Amino acid sequence: MKQLERLLASDPDRNPAHTLNTDPKICVRCGKPVTVHATEYEVFEKMHWLCFHLEFEHEGDPDAACSDPSCPWWQLQVLQRQITALGHDPKKVIEQAIKERWKL
Ligand SMILES: [Zn+2]
Ligand SMILES: [Zn+2]
């Protein structure tokens, strides 16, 4: 459903303000351009989604998982657990991906 809302929001016929507004959307937290979630710029208080998460939702060390279900660190832990349960070593999976990406 969220996906559909995003698609509709990015449709210029349904959202003419989107095409009229050519100002670059800049994150008020980190100062970098917001592109991936540009249509939700106002929803995320003029921030990147990740900056919004770290500012308002994330508790404790930003390098550690928090208790919010949308936390990327927590979701990575879930995926790592599942990969391990399937008999793979998450570290080896990443090492292999690095080799493939940089042709090592
Ligand atoms: Zn940001
Ligand atoms: Zn978090």
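Scroll up a little and you will see the structure.
As the structure is a prediction and not an experimental result, all values here were calculated from the model.

Along the backbone of the protein there are five helices and zero strands. Listing every helix and strand of the protein by position from the N terminus yields α-α-α-α-α. Within the protein, the proportion of its 104 residues that are buried is 6%.

Here we take up helix α4 (residues 72-85). Helix length check: α4 (14 residues) gives 20 Å between terminal C-alpha atoms against 20 Å at 1.5 Å per residue, within 8%. Burial analysis of α4 places just zero of its 14 residues in the buried class, a small minority of the element. Positive backbone phi, approximately 95°, marks Gly-87, located one or two places after α4.

Position of Thr-35 among the secondary structure elements: in the loop between α2 (16-20) and α3 (49-57). Considering only alpha carbons, one finds Thr-35 and Pro-24, 11 residues apart in sequence, at a separation of 8.8 Å.

All right, on to unusual backbone geometry then. Phi is positive for Glu-45, close to 55°, though the residue is something other than glycine. Relative to the assigned elements, Glu-45 resides in the loop between α2 and α3. Here Lys-46, not a glycine, exhibits a phi torsion of approximately 60°, which is positive. Among the secondary structure elements, Lys-46 is positioned in the loop between α2 and α3. Lys-46 sits in the partly exposed class, given 15 other C-beta atoms within 10 Å.

Conventions adopted
- Residues numbered from 1 in each chain as written.
- Chains lettered and ligands numbered in written order.
- Predicted model: local features only at pLDDT ≥ 70, side-chain atom pairs only at ≥ 80, totals over all residues.
- Helix = DSSP H or I, 4+ residues; strand = E, 2+ residues; numbered from the N terminus.
- Buried ≥ 20, exposed ≤ 12 C-beta atoms within 10 Å, placed from the backbone.
- Expected span 1.5 Å × (residues − 1).

Worth remembering: the numbers are spatial, not functional.
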